[in-house]
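An overview of the molecular structure
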Number of protein chains: 2
Amino acid sequence: MKQNEAMVKMVLDRWFALVKDFDTTLNVLTDDDLNREIVSGKNRGIYLLGHMVAVHDDMLPLLDFGQKMYPQLQQPFLKSPDKAVAQLPTAKELRALWAEQVNYMTPKIKSLQAADWFEKHTAVSADDFAKEPHRNKLNIMLTRSTHLAYHQGQFILLEHKNTND
Amino acid sequence: MKQNEAMVKMVLDRWFALVKDFDTTLNVLTDDDLNREIVSGKNRGIYLLGHMVAVHDDMLPLLDFGQKMYPQLQQPFLKSPDKAVAQLPTAKELRALWAEQVNYMTPKIKSLQAADWFEKHTAVSADDFAKEPHRNKLNIMLTRSTHLAYHQGQFILLEHKNTND
């Protein structure tokens, strides 16, 4: 295994592990759980779920995987805080979008070769990328992995069992 | 900038940003806040703080930076769940350890060259590392960054202001 392949494996291992963790938590939670606030006055589970789908949807154009699939989620789950938009998709609808998205993105992510991950993402210019080669596609996976971990730490708090982690 | 230098920058940028975020939250929280549970029946802030220091302390031997500085924290904050150990350090004491640790680790982390980060960490054998070169020192930084992000997502919930992220 070459060094760049090892680097890609390190980051993608994190991504896929965190997606799996989120998915596992989602399958444990009921729709009622998702409609509860994580902590009184803070985001509801349903908002976190929609927020994850919206943020990951935004990765498609950044990684040159195509257009966003769910542009309708940007306003309620990215540009607005929770409870600012009256009509949100239901928990059931958001569960279906999450599953569809994972199924769509996973083979695309796995199809890239190691060298591809060190190419620039689409939101940086060629000139800037020449000076800042860390602004590559793999960095999109890395920053979205820590973002997913951050919200997974919150999402799991909706579980009823007395988890200590 | 070489590819391995770009990769190191990507990971260390995440680490330092997350340490800063945790530090910022810690400075906003009062000792009373730290003694509250994040969610009823779950970990208290003080446990999360001690848990972070204990996990990061464990990075010192893994990265060949020396021995653990706070071995006394392993039992209460790594091997035991919250509220299982009667006598914990105070919030004030843990704040001091966190600050001391950041000051100790930061220059050590910055002193490594890019190539050093792709050497094996101390818990993997040379034979295994030859087959699994992703088990390197940089991967320790990466996995602890997602761990820190996970708990930062919980830690920030102790803030009184109505944050939506």
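1. Things to note about the packing of helix α3 (residues 45-57) of chain B against helix α9 (residues 137-155) of chain B
Residues and elements named next belong to chain B. Close contact between α3 and α9 brings their axes to 11 Å; oriented N to C, the two are set at 170°. Classified by the angle their axes make, α3 and α9 are roughly antiparallel. Between α3 and α9, the contacting residues are G45, L48, H51, M52, V55 and H56 on the first element and R144, H147, L148, H151, Q154 and F155 on the second. For the contact of α3 with α9, the per-class residue count stands at five nonpolar, six polar and one charged.

2. Looking at the layout of surface pockets
Within this model, the largest pocket holds a volume of roughly 180 Å³. Lining the largest pocket are 13 residues, with A:L18, A:D21, A:Q152, A:I156 and B:Y150 positioned closest to its centre. When contributions to the lining of the largest pocket are tallied by element, the ones reaching two or more residues are α1 (3-28) and α9 (137-155) of chain A together with α9 of chain B. Top contributing element to the lining of the largest pocket by residue count: α1(A), with five residues. Class assignment of the residues belonging to the lining of the largest pocket gives a composition of four nonpolar, five polar and four charged. As a volume, the second largest pocket reaches approximately 150 Å³. Every element with two or more residues in the lining of the second largest pocket is listed here: α9 of chain A together with α1 (3-28) and α9 of chain B. Of the residues assigned to the lining of the second largest pocket, the class counts are four nonpolar, four polar and three charged.

Scoring rules and cut-offs
Residues numbered from 1 in each chain as written. Chains lettered and ligands numbered in written order. Predicted model: local features only at pLDDT ≥ 70, side-chain atom pairs only at ≥ 80, totals over all residues. Heavy atoms only, no water. Axes fitted to C-alpha atoms, helices over the stretch in contact; angles between N-to-C directions. Helix = DSSP H or I, 4+ residues; strand = E, 2+ residues; numbered from the N terminus. Parallel < 35°, antiparallel > 145°, perpendicular 65-115°, else oblique. Contact = heavy atoms within 4.5 Å. Nonpolar A, V, L, I, M, F, W, Y, C, P; charged D, E, K, R; others polar. 1 Å grid on protein atoms, 1.4 Å probe; cavity = no way out; pocket = protein on both sides within 12 Å on 5 of 7 lines; lining within 4 Å. Points joined across faces, edges and corners; volume = space filled by probe spheres on them.

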